[in-house]
Amino acid sequence: MRRSDEVVVSCAVTGSIHTPSMSPALPVTPEEIAADALAAAGAGAAVLHLHARDPGDGRPTPEPAVYERFLAPIAAGCDAVVNITTGGSVLMSLDDRLAAARAFSPELASLNMGSMNFNFAGAAARIEHWRHDWEREYLLGSVDRIFSNTFTQIETILRDLGGRGTRFEFECYDIGHLYTLAHFVERGLVRAPFLVQGVFGILGGIGADLDHVHHMVRTADRLFGEDYVFSALAAGRHQFAVATQSAQLGGHVRVGLEDNLHIGRGRLAGSNAEQVEKIVRIVGEMGRTPATPARARELLALKG
Ligand code: KMH
Ligand code: ZN
């Protein structure tokens with residue numbers, strides 16, 4: 001792993017798993033997404049991982065026109081690195097998932113490193129009042145959802161977006177995903193230094209045990225040596241433990257309401273910024289400083 005004194009803090013602002021009934025703090029409209037993203041950047045997030053939602057009912061949308069409504073104010077209001085999802089939601093086609101990244105050629109885009117079962121029905125457990133009908137079907141309609149990220153699809157994203165200078169947040173939900181990434185490194189489609197984002201605690205992927213974080217780093221060290229930088233996120237209540245462990249090992253961190261709606265046990269976070277402030281405090285106590293966007297661009301070799 002390539003280590004540095006600074007910690008790149010990513011904030012995943014809204015995602016596509018959580019729904020409006022789960023938290024009043026989840027930003028949904030373009031105005032809310034922009035305001036939350038700007039506050040997160042102000043609190044120390046150097047990277048903003050972004051999805052769009054239908055401004056009317058909050059369902060995930062691939063529409064570039066909706067992205068534009070928050071990308072423009074974010075670019076005008078801060079210099080954080082914009083990271084556009086290519087995961088979209090598990091229900092979208094690959095073309096839909098790529099529409100916004102194709103339209104805006106961001107500095108960074110997510111790239112999910114393998115097909116997997118993806119079960120997020122558990123996220124509905126605490127909903128007492130459903131705000132929108134679509135949420136019930138979306139969350140509970142089926143547990144047989146496959147998040148499709150085949151070798152061909154990964155190669156399409158690498159060639160298409162990579163050809164425009166976009167670099168990637170390689171989301172690895174299991175140890176096997178590192179080997180898939182190594183395959184593309186060997187074929188010359190990925191160049192160092194690249195960002196491995198370990199994803200822990202998604203039902204269908206590896207669990208959020210600290211042992212697994214360590215094992216992922218050890219395996220990535222063996223496969224990639226100094227060619228990669230590591231970051232980690234965990235779904236739900238494991239978010240801060242896993243982020244802290246990544247920082248301890250010399251890696252970077254991702255927080256945000258896409259991954260976890262809470263700030264502590266049984267307490268909903270009031271905003272994305274609140275989670276960013278918390279992780280900035282933690283890494284500060286560990287003697288590491290949050291990277292500025294400019295330093296993040298250097299560490300991740302972004303086009304700027
Ligand atoms: N919601 C995360 C577990 C993507 O946007 O490409 C996965 C994610 C996918 O961030
Ligand atoms: Zn995402």
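In the block above lies the structure referred to throughout.
Remember, predicted model here, so these are calculated numbers, not experimental data.

> How should I be thinking about the pairing of strand 3 (residues 47–50) in this particular structure?
The side chains of a regular strand alternate between both faces of the sheet. Neither face of strand 3 is left uncovered, since the one carrying Val47 and His49 and the one carrying Leu48 and Leu50 both have all their residues buried. For strand 2 (residues 9–12) and strand 3, the ladder comprises three bridges, and the chain directions are parallel. When the bridges of strand 3 are listed, Cys11 appears paired with Leu48. Tracing the backbone out of strand 2, into helix 1 (residues 30–43) and back to the parallel element strand 3 gives a crossover that is right-handed. As judged from the four bridges shared by strand 3 and strand 6 (residues 81–84), these two strands associate in the parallel manner. Within the sheet, the bridge partner assigned to Leu50 lies in strand 6 and is Ile84.

> Looking at this structure, how should I read the coordination of the zinc ion (ligand 2)?
Perfect tetrahedral coordination of a metal by four donors corresponds to 109.5 degrees between them, and perfect octahedral coordination by six donors corresponds to 90 or 180 degrees. Protein coordination at the zinc ion (ligand 2): the donors are His49 (NE2), His51 (NE2) and Glu258 (OE), at 2.0 to 2.1 Å from the metal. Taken in sequence order, the residues that donate to the zinc ion (ligand 2) follow the motif H-x1-H-x206-E. You can see His51 sitting in the loop between strand 3 and strand 4 (52–53) and its partner Glu258 sitting in the loop between strand 13 (252–255) and strand 14 (262–264), a full 207 residues away along the chain. For His51, a relative accessible area of 5% corresponds to the buried category.

> Is there a simple way to explain the pairing of strand 7 (residues 108–112) in this structure?
Counting buried residues in strand 7 gives five out of five residues, a clear majority hidden from the surface. Alternating positions in strand 7 separate into two faces, Leu108, Ser110 and Asn112 on one and Ala109 and Leu111 on the other, with burial throughout. Bridge count between strand 6 and strand 7: two bridges; the pairing is parallel. Looking across to strand 7, one finds that Ile84 is bridged to Ala109. Bridge count between strand 7 and strand 10 (residues 167–172): five bridges; the pairing is parallel. Paired with Ala109 across the strands is Phe168, a residue of strand 10.

> Please explain unusual backbone geometry as it appears in this structure.
Peptide bonds are trans in most cases, and residues, glycine excluded, mostly fall at negative phi. Cis geometry marks the peptide bond from Ala192 to Pro193; its omega dihedral reads -10°. Positionally, Pro193 belongs in the loop between helix 6 (175–186) and strand 11 (194–200). Look at Ser105: it is not a glycine, yet its phi comes out positive at around 35°. Within the secondary structure, Ser105 sits in the loop between helix 3 (94–104) and strand 7. Exposure remark for Ser105: the relative accessible area of 23% places this residue in the partly exposed category. Positive phi outside glycine occurs at Ala301, with the angle close to 55°.

> I would appreciate a short explanation of the packing of helix 5 (residues 151–162) against helix 6 in the present structure.
Describing two packed helices takes the angle between their axes plus the distance from one axis to the other. At a closest axis distance of 12 Å, the pairing of helix 5 and helix 6 adopts a crossing angle of 50°. The angle between helix 5 and helix 6 falls in the class oblique. Handedness of the helix 5/helix 6 crossing: right-handed. The segment helix 5 lies against helix 6, with Phe151, Ile154, Glu155 and Leu158 engaging Thr180, His183 and Phe184. Among the residues forming the contact of helix 5 with helix 6, the class breakdown is four nonpolar, two polar and one charged.

> Would you mind going over the site of ligand 1 with me for this structure?
Contacts to ligand 1 come from 13 residues, most closely from His51, Thr85, Ser110, Asn112 and Glu258. In the environment of ligand 1, an oxygen atom lies 2.9 Å from a nitrogen or oxygen atom belonging to the side chain of His51. Take Asn112: an N or O atom from its side chain is 2.8 Å from an oxygen atom of ligand 1. The protein chains hide 96% of the 300 Å² of surface that ligand 1 would expose on its own. In terms of residue class, the shell around ligand 1 is built from four nonpolar, six polar and three charged.

Quick notes on the rules
Residues numbered from 1 in each chain as written. Chains lettered and ligands numbered in written order. Predicted model: local features only at pLDDT ≥ 70, side-chain atom pairs only at ≥ 80, totals over all residues. Heavy atoms only, no water. Buried < 20%, exposed > 50% of the residue type's maximum accessible area, 1.4 Å probe, protein only. Helix = DSSP H or I, 4+ residues; strand = E, 2+ residues; numbered from the N terminus. Pairing = 2+ DSSP bridges. Right-handed = clockwise from strand over helix to strand, strands pointing away. Donors = N, O, S within 2.8 Å, 3.2 Å for Na, K, Ca; no water. Axes fitted to C-alpha atoms, helices over the stretch in contact; angles between N-to-C directions. Parallel < 35°, antiparallel > 145°, perpendicular 65-115°, else oblique. Left-handed = near helix turned anticlockwise from the far one by under 90°. Contact = heavy atoms within 4.5 Å. Nonpolar A, V, L, I, M, F, W, Y, C, P; charged D, E, K, R; others polar. Near = heavy atom within 4 Å. Polar contact = N/O pair within 3.5 Å; in protein donor to acceptor, adjacent residues only side chain to side chain. Areas by Shrake-Rupley, 256 points an atom, 1.4 Å probe, with all protein chains shown as cover.

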